[in-house]
Amino acid sequence: MKEKFIMKSKGDQQASRSLISPKWTFLLCIGSFCVGLLFTNRMWTVSDSKLITRPTALESEGLKLVQEGCDLRKLQMKNVKRDSKQIFGEVSKTHQAIQTLDKTISSLEMELAAARSIQESIVNGSPISQDDTRSAPERQKYLMVVGVNTAFSSRKRRDSVRATWMPQGDKRKKLEEEKGIIMRFVIGHSATVGGILDRAIEAEDRKHGDFLRLDHVEGYLELSAKTKIYFATAVTMWDAEFYIKVDDDVHVNIATLGHTLVRHRKKKRVYIGCMKSGPVLAQKGVRYHEPEHWKFGESGNKYFRHATGQLYAISKDLATYISLNQHVLHKYANEDVSLGSWFIGLDVEHIDDRRLCCGTPPDCEWKAQAGNICVASFDWTCSGICRSVDRIKEVHKRCGEGENAVWSARF
């Protein structure tokens, strides 16, 4: 039995060996090797493709420079040139932006001045110009605004002016409505706001209603600042053709002043007064001392031509110029010099009219009798009428144009 099993196993092994020949075995081995080789090469190709990355722009530029034979120094020089061009470009853009900003600021300043004019007109009950806004009624126009410069201590001077050449009450209102003439005493406030001096002016204003209060601290050495603020305020409040400043110790013929101004109403940038060119006083302690005398050259030199400070007039465009530029206009010790300096460099017509600076009688009286009535009269020695409170009535009687002159005048 055992022998039969052994014989059967040997027979099976021989049968299995006879099924696979050595030739086929060799071919199968070759095929398996080729398939394995193909699979292995494909896997390496996929792995290598994942590891390979594209060079950056900077690397490409560096490779290009290396290929062209450039060294590191040349590369640095090229980068410096490129950075310099970028910096100059940025500077140019910044300069253009600053110029644009300057133009914008100038435009905004003009618009702000117009807006302030509108606001002040609304607050004061005066209609505003159609040029400023289409939705608002036309702003009332006037011939002139006469600002009488005064001080806290000048109550008697003001009363003497009210008693002579400045109409009061209903007559003053009628003068505004029918003749287009605004007249106000011009004063600021004291160093102690709301103190006894300010309360006295407020009480006087309630009685007469003929004050223009400025945002300004009163003081003799501050007349230049006061003059500047006066014109800036007046041109904002009233739309007039001319703006006048006169001292409260000067006699004025209003109708004659109006006739004098209308002869120049078609001109632009008009500056009217008695033009003078006095000496620049460098010595300290004297009246009209000029602390900035060195700006006018050597000792003994004279000022440029300017209107004497007792009375002068400027056209609306010049008053507007002062209003827009008041923060950069330089102030000299004397207000008439300051005003003249503000117009240097501008295309301004200086009109020298000696009727604006006549003497007191007999000078103004002789001229009136000759048919040449004076606009203003005062004493040069006093820079106004000497003892004006006592004498202005006499000057008015002898040199005045008559009470009906202004009402019959046609401007």
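The protein chain carries the name Hexosyltransferase in an unreviewed UniProt entry, which gives Lactuca virosa as its organism. The protein chain has a UniProt comment under Sequence similarities (unreviewed entry) that states "Belongs to the glycosyltransferase 31 family." Under the heading Cofactor (unreviewed entry), UniProt records this for the protein chain: "Mn(2+)".

When you look at the overall build of the protein chain in this model, what are you seeing that I'm missing?
Summing up its helical and strand segments, the protein chain has 14 helices and 9 strands in all. Here the protein chain holds 411 residues, and 39% of them are scored as buried. With an accessible surface of roughly 25,800 Å², the protein chain has 57% of that area assigned to carbon and sulfur atoms.

Any chance you could explain unusual backbone geometry here in plain terms?
It is generally the case that most residues other than glycine have a negative phi and that most peptide bonds are trans. The omega torsion of the bond from Pro361 to Pro362 falls at 15 degrees, within 30 degrees of zero and hence cis. You can see Pro362 is positioned in the loop between β8 (349–352) and α12 (363–369). Non-glycine residue Arg269 carries a positive phi angle of around 50 degrees. Take Arg269: it is sitting in the loop between α9 (254–262) and β6 (270–276). Judged by its relative accessible area of 29%, Arg269 falls in the partly exposed class. One non-glycine residue with positive phi stands out, namely Arg387, at about 50 degrees.

Looking at this structure, I do not really get the sheet that holds strand β4 (residues 239–247). What am I missing?
The 7 strands are arranged β3-β2-β1-β4-β7-β6-β8 in an open sheet whose pairing can be described as mixed. Edge positions in the open sheet fall to β3 (211–217) and β8, since each of these has one partner strand only. Within this sheet the neighbouring strands show an average axis-to-axis angle of 25 degrees, counted without direction. In terms of strand pairing, β6 meets β8 through 4 bridges, oriented parallel.

Sorry if this is basic, but what is going on with helix α10 (residues 316–325) here?
Each α-helix winds once per 3.6 residues, and so residues spaced three or four apart point in a common direction. Among the residues of α10, those classed as buried are Leu318, Ala319, Ile322 and Ser323. All buried residues of α10 project into a common sector of 145 degrees when viewed along the axis, lining one side. On its buried face, α10 is in contact with α8 (223–237), β4, β6, β7 (306–315) and α11 (335–342).

Quick question: what am I supposed to make of the pattern of salt bridges here?
Pairing is possible between side chains of opposite charge, provided their charged atoms come close. A full pass over the atoms with the stated rule returns 28 salt bridges. With its nearest N and O atoms 3.5 Å apart, the salt bridge here joins Lys276 to Asp336. Residue Lys276 is located in strand β6, and its partner Asp336 is located in helix α11; the two are separated by 60 residues in the primary sequence. Assessed through its relative accessible area of 29%, Lys276 is described here as partly exposed. The buried category is assigned to Asp336, whose relative accessible area is 9%. Its salt-bridge partner being Asp363, residue Lys367 comes within 3.5 Å of it at the nearest N-O pair. Placement of both Lys367 and Asp363 in helix α12 is noted, with a separation of 4 residues, approximately one turn of the helix. Overall, Lys367 belongs to the partly exposed group, its relative accessible area being 28%.

Is there a simple way to think about the packing of aromatic side chains in this case?
Both the distance between ring centres and the angle between the ring planes are used here to describe each pair of aromatic rings. The full count for this structure, using the stated rule, is 9 aromatic pairs. A ring pair is formed by Tyr230 and Phe231, whose centres lie 4.9 Å apart and whose planes are at 45 degrees; its orientation type is tilted. The same class applies to Tyr230 and to Phe231, which are both buried. Ring centres of Phe296 and Phe304 lie 6.0 Å apart, and the angle between their planes is 40 degrees; on these two criteria the pair is classed as tilted. One Lys or Arg, Lys174, reaches over the ring of Trp407 and ends 5.1 Å from the middle of that ring.

Reading the values: rules and limits
- Residues numbered from 1 in each chain as written.
- Predicted model: local features only at pLDDT ≥ 70, side-chain atom pairs only at ≥ 80, totals over all residues.
- Heavy atoms only, no water.
- UniProt positions renumbered as here; feature names shortened; annotations may be inferred.
- Helix = DSSP H or I, 4+ residues; strand = E, 2+ residues; numbered from the N terminus.
- Buried < 20%, exposed > 50% of the residue type's maximum accessible area, 1.4 Å probe, protein only.
- Areas by Shrake-Rupley, 256 points an atom, 1.4 Å probe, with all protein chains shown as cover.
- Pairing = 2+ DSSP bridges.
- Axes fitted to C-alpha atoms, helices over the stretch in contact; angles between N-to-C directions.
- Arc of directions from axis to C-beta.
- Contact = heavy atoms within 4.5 Å.
- Salt bridge = Lys/Arg side-chain N within 4 Å of Asp/Glu carboxyl O.
- Phe/Tyr/Trp six-rings, centres within 6.5 Å; stacked < 30°, edge-to-face > 60°.
- Lys NZ or Arg CZ within 6 Å of the ring centre and 35° of its normal.

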